[in-house]
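Given next are the chains, with one letter for each unit.
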Amino acid sequence: LDSSVVVEMKIDGTEVRRVEAPGLYHAFTDMPDGTIAYPRHWSTNWDDDPGPDGEVVVLLHPDGTQTDLFDCDAWLRNRPERPDVCGANTLSYDAATDRFLYSLFTVDTALELDASTGVATRWFGHLPDAYTFDPPDSAFWYQHGPVYLDDGRLLVSTHRAEDTTDLVVREYEVDESAGTLRETASYGVAPEEPGRQMGEAHRLPGGNTLHNYGTHALLREFAPDGAVVWDVRWEDEEYTWVGHQIGRSAPVAGDLYRFASPRR
């Protein structure tokens, strides 16, 4: 963890910059001004209480300065009951609201953080005072990759239920006045496909939804009515660390060659 770095590269492998990110173990995101945000974690043993330096969301600014934005362990200690340690699997930035979505797999909850102040403005999932789910069986579990859509809805890849590893995409209307996530769509409920770890969902420009199944090494595109448009599989055996799996997927619109160095 102490030697973690973030490397920005062109598509041809040319290195643009390298930023030291001690404590980086999973999630990070870059912001429009070049700032890199990530949860810094100092413990490699989830069974131990990592203490006050357990996990902090930090901002690494282009000028070399650093801001400690949000102390997750301190925030959990102030909750009515401390259910577990902090452990993030994704961090996404929403430029329209200047908010982060900070996904904690250890507590089945995603926090919305003000990117300027670090205040947890609201949270979705299973901690006390979280938004409720409507209907109740639309709750997400072991969620990964939550993002806000352009219309303010929440899109997330999640286990279908607490006691299964079947992976689905859920879309919610965020009703702030009622403190409720109201499910508006779901994808992948049938046919069921497993995805024990990782996974993420993207809304494509045409309105379809792309689902990455993580350790199942499956990529699938859904039409708005839930029909499967296409899928591609790489796995030889599901959920083996020596087998195939997908970490992150990032749809890129436009000409990929513009990300490469000029040809000589």
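This section reports on the structure supplied with the text. Since this is a predicted model, take the numbers as computed values, not measurements.

Remarks on unusual backbone geometry
Along the chain, D134 connects to P135 via a cis peptide bond; the corresponding omega equals 0°. Tracing the sequence through the fold places P135 in the loop between β11 (132–134) and β12 (141–148). One non-glycine residue, D98, adopts positive backbone phi at about 55°. Turning to its location among the elements, D98 is positioned in the loop between β7 (88–94) and β8 (99–104). Given a relative accessible area of 25%, D98 falls into the partly exposed group. Within the chain, D129 stands out as a residue other than glycine whose phi angle is a positive 70°.

Things to note about the layout of surface pockets
Here the largest pocket is characterised by a volume of approximately 1800 Å³. T29, D30, H202, R248 and A250 are, among the 49 residues lining the largest pocket, the residues nearest its centre. Contributions of two or more residues to the lining of the largest pocket are made by β1 (5–9), β2 (15–20), β3 (29–30), β7, β12 and β16 (200–203). For the lining of the largest pocket, the element with the most residues is β7, which contributes 6 residues.

A closer look at the sheet that holds strand β4 (residues 36–41)
Spatially, β3-β4-β5-β6 is the arrangement adopted by the 4 strands of the open sheet, whose pairing is antiparallel. Every interior strand has two partners, whereas the edge strands, β3 and β6 (66–71), have only one. In the sheet, β3 pairs with β4 via 2 bridges, with the strands oriented antiparallel. Its bridge partner being in β4, T29 is matched across the sheet by A37.

Rules used throughout
Residues numbered from 1 in each chain as written. Predicted model: local features only at pLDDT ≥ 70, side-chain atom pairs only at ≥ 80, totals over all residues. Heavy atoms only, no water. Helix = DSSP H or I, 4+ residues; strand = E, 2+ residues; numbered from the N terminus. Buried < 20%, exposed > 50% of the residue type's maximum accessible area, 1.4 Å probe, protein only. 1 Å grid on protein atoms, 1.4 Å probe; cavity = no way out; pocket = protein on both sides within 12 Å on 5 of 7 lines; lining within 4 Å. Points joined across faces, edges and corners; volume = space filled by probe spheres on them. Pairing = 2+ DSSP bridges.

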